[in-house]
Amino acid sequence: MSTATDSTDHLLEGLNPSQREAVTLPDGPALVIAGAGSGKTRVLTSRIGYLLGEGRARPHEVLAITFTNRAAGEMRERVDQLVGASRGMWVMTFHAACGRILRREADRLGYRSNFTIYDQADQVRVVKACLEELGRDPKRFPPRGIHSRISSEKNRLVSATQFRENIGNFFEQVVADVFELYERRLHASNAMDFDDLLVRSVDLLESFDDVRERWQGAFNHLLVDEYQDTNHAQYRIVRLLSDAHRNVFVVGDVDQAIYTWRGADIRNILDFERDFPDARVVRLEQNYRSSQRILDAANAVIENNAGRIEKRLWSDLGMGEPIRVIEAEDEHDEARIVAARIGGLLEGGSSASDIAVFYRTNAQSRVLEDLLVRHGVPYQVIGGPRFYERAEIKDAMAYLSVLDNPSDEIALRRIINQPRRGIGDASVDRLSATAGFSGRSLWTALEDPEGAGLATAAARSVRAFRAMMDDLRDRAVELPVGDLMELLLERNGVIELLEAERTIEASGRIENLQELVGVAREYVARSEEPSLAGFLQEVSLTADADALAAADESGGGRVTLMTLHNAKGLEFDAVFVIGMEQNLFPHARSIEEANIEEERRLCYVAITRARRELVLVYARQRTLFGARGFNAPSQFIAEIPENLIEHERRPAAFGSTTRGGSSSGWQPSSAGATTQLQGIAPRDDAPTLSVGDNVMHDQLGEGVVTGTADGGQVIVRFRSDGSERRLLLAYAPLKRI
DNA sequence: GGTAGCACCAAAAGC
DNA sequence: TGGTGCTACC
């Protein structure tokens, strides 16, 4: 019998022997090799519960690291369900944990604890500004490229100075110059980028013995999920924080490492046993998700990779259905096949939410969406524009950033003339230059606009802006952040302006802003110590507020479309992978860069998402970037043993319009309503319409006239889809209602 | 200061 | 093909 006491018995119920072994391991380093669908989250949460139940750790002594906020939230929830004790426990991402540590120790590094966190767009903007200052042509040196180089150097803990010592060509020379300037600018703005959160934490822990000891003592158990996704900086943090107690419990799967292109270093997991020679290693190979046939396919494919830890998934769910491989004529045929098969599954009683379609590149979703709409299949696309990247949200957040940290020049520049208040680029440049001369911040320069040589009108606007911000800063002291947000939106006049616009887009923006106020209120209600800075920190580390939440809540009853990368961690009864072609998947770029192994891992991830049914589709020809091309079927198809596959080949297409029953009644809608009406005789009973009239269109439904134009044109916004169309009065089937 | 037109480019995306 | 970012204009 194990040493489990009554309080921990229930944590081990239903675990298989390997899972149980992992959960109950003694203190010391541990590596859990967790295959897809092997219950790793369960092992992690049970392990935490077990440590608490055994009295080996108190909640605040546990640091559990995940890679996404979502995963952190789920883990916290499951720990709560298990032992109801996640309060005070650090269950969060690397970035959030580092941010928290850095806020407390900021002064050691010459930062103020209210430092701002720049997101990707901010970072690129700074790079661009640096290039301009250095007089480098952004065409020859694209800011995004320079930025990504700087970021990858930082993730490898290479400083600007170290980088300069090893430059080999002119491009790197420019990168080195920008790198140095970029770091100085961020520091001057009391700002950190995402990489800084990790890099500065390493600096902090390495440079200050007392700080290191304090944080090493703060936790006595460190757990890391998705360890194969750690980059070098994160690896150093794990080492630094676990050095004293060495209770480091990492879970991962090399075969699911699909993020090396963004800095993840699989050597971290491959070398774990070298780093910790006394590490206990547990393999979780029993899969609770898929049929054996699906696992056989996954195993066979991944065995072609060299750099891996030997592992073979098995399941007791039976052999299941054969894997279907289908040849399509082109991407339209492919979409038709998938839509029809999905239709069949739905008729057979499957739930749409149990079905997913994966593709390598986002652009592939479009054709399929068309077909699903025609077939009346409800679907959702994961990915796309994110809540916190929308302009109005970023503007509102920039206001908050300036209120909290007026040194944040990027944020200040963003809002100083937003909404328009007559402070143009020229004025801002003057203010900034004046500030630069006297070594002050742009914010300080706003106190004396005349001193910077601004004209009276501009100076007045600057004073008014500064007065408004000062006032808001005063209010920020007592006002909860939700109320503060509401107040500033009222004061800066954004809502009023949007309301005046009276367009669909504007009311969408208002809704977004209201949602943001709601998010802030919700933050205040939920936090132990709500603050403006805390809210900013949380938001800047959250990128996906709506996309994934929406997937959970409104996702019921919808087929899910997403990229292969987004599929990690999810599972569906039926999985379709489209675009199974050489050059598309594996992607041409990966082939060029000899990165086939990572693409193969992506394929492994895709296959192992399926519970019962897996359909792989390739097209003989496809239009890419406007050009038609032929590709061979993906090499990964050939890597699946033939006896697991059932091939289906459609008879050669005769002409696409006559195929597919449910799409037959559909009429293609051409781009503009005016062209659609070509060849129809003009009518003479056309109504006279003016702006504001409500109208009815035979095909497009109800709408409102928003303008008129020469040649008898009328501009109508339709209620059904919010689209605005230019119609010819003489032809359009319109009547006033 | 706003936008129409045009040239250019094109993988994936967490924090 | 379609989205984006810059220039040239109003």
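Residues numbered from 1 in each chain as written. Chains lettered and ligands numbered in written order. Predicted model: local features only at pLDDT ≥ 70, side-chain atom pairs only at ≥ 80, totals over all residues. Heavy atoms only, no water.

Draft legend 1. Up close: the protein's contact with DNA strand B. In the vicinity of DNA strand B, 27 residues are found, and the nearest of them are Arg360, Asn362, Arg386, Arg420 and Thr563. Expressed as a percentage, the sugar and phosphate content of the atoms of DNA strand B within 4 Å of the protein is 49%. Asn69 has a polar backbone atom sitting 2.9 Å from a phosphate oxygen of DNA strand B. Of all the secondary-structure elements, those providing two or more residues to the surface near DNA strand B are α28 (564-567) and α29 (588-592). In the surface near DNA strand B, the residues fall into 6 nonpolar, 14 polar and 7 charged. (Near = heavy atom within 4 Å. Polar contact = N/O pair within 3.5 Å; in protein donor to acceptor, adjacent residues only side chain to side chain. Helix = DSSP H or I, 4+ residues; strand = E, 2+ residues; numbered from the N terminus. Nonpolar A, V, L, I, M, F, W, Y, C, P; charged D, E, K, R; others polar.)

Draft legend 2. Quick peek at the pairing of strand β7 (residues 248-252). Judged by how many residues are buried, β7 sits mostly within the fold: 5 of 5 residues are covered. Side chains Val248, Val250 and Gly252 project from β7 onto one buried face, and the interleaved Phe249 and Val251 project onto a second face that is buried too. Sheet topology places strand β1 (residues 30-34) next to β7; 4 bridges connect them, and they run parallel. Looking at β7, one finds that Ile33 is bridged to Gly252. Pairing geometry for strand β6 (residues 221-224) and β7, over 3 bridges, is parallel. Each bridged residue has a counterpart across the sheet, and for Val224 the counterpart in β7 is Val250. In the classification by handedness, the crossover that spans β6, the intervening helix α12 (residues 232-242) and the parallel β7 is right-handed. (Buried < 20%, exposed > 50% of the residue type's maximum accessible area, 1.4 Å probe, protein only. Pairing = 2+ DSSP bridges. Right-handed = clockwise from strand over helix to strand, strands pointing away.)

Draft legend 3. Looking closely at unusual backbone geometry. Residue Pro419 is reached from Gln418 by a cis peptide bond, and omega for that bond is 0 degrees. On the secondary structure map, Pro419 appears in the loop between α19 (409-415) and α20 (425-437). Residue Phe585 is joined to Pro586 through a cis peptide bond whose omega torsion reads 5 degrees. You will see that Glu226, though not glycine, has its phi angle at about 50 degrees, which is positive. Within the secondary structure, Glu226 is located in the loop between β6 and α12. Here the phi dihedral of Arg246 falls at roughly 60 degrees; this positive angle occurs in a residue that is not glycine. On the basis of relative accessible area, Arg246 is assigned to the partly exposed category, the value being 29%.

Draft legend 4. Molecular detail of the pattern of salt bridges. Applying the stated rule across the entire model yields 68 salt bridges. A salt bridge links Asp209 to Arg212, with the nearest nitrogen and oxygen atoms 2.9 Å apart. In this pair, Asp209 and Arg212 both sit in helix α11 (residues 209-218), 3 residues apart, roughly one turn of the helix. Residue Arg360 pairs with Glu599 through a salt bridge whose shortest N-O separation is 2.6 Å. (Salt bridge = Lys/Arg side-chain N within 4 Å of Asp/Glu carboxyl O.)

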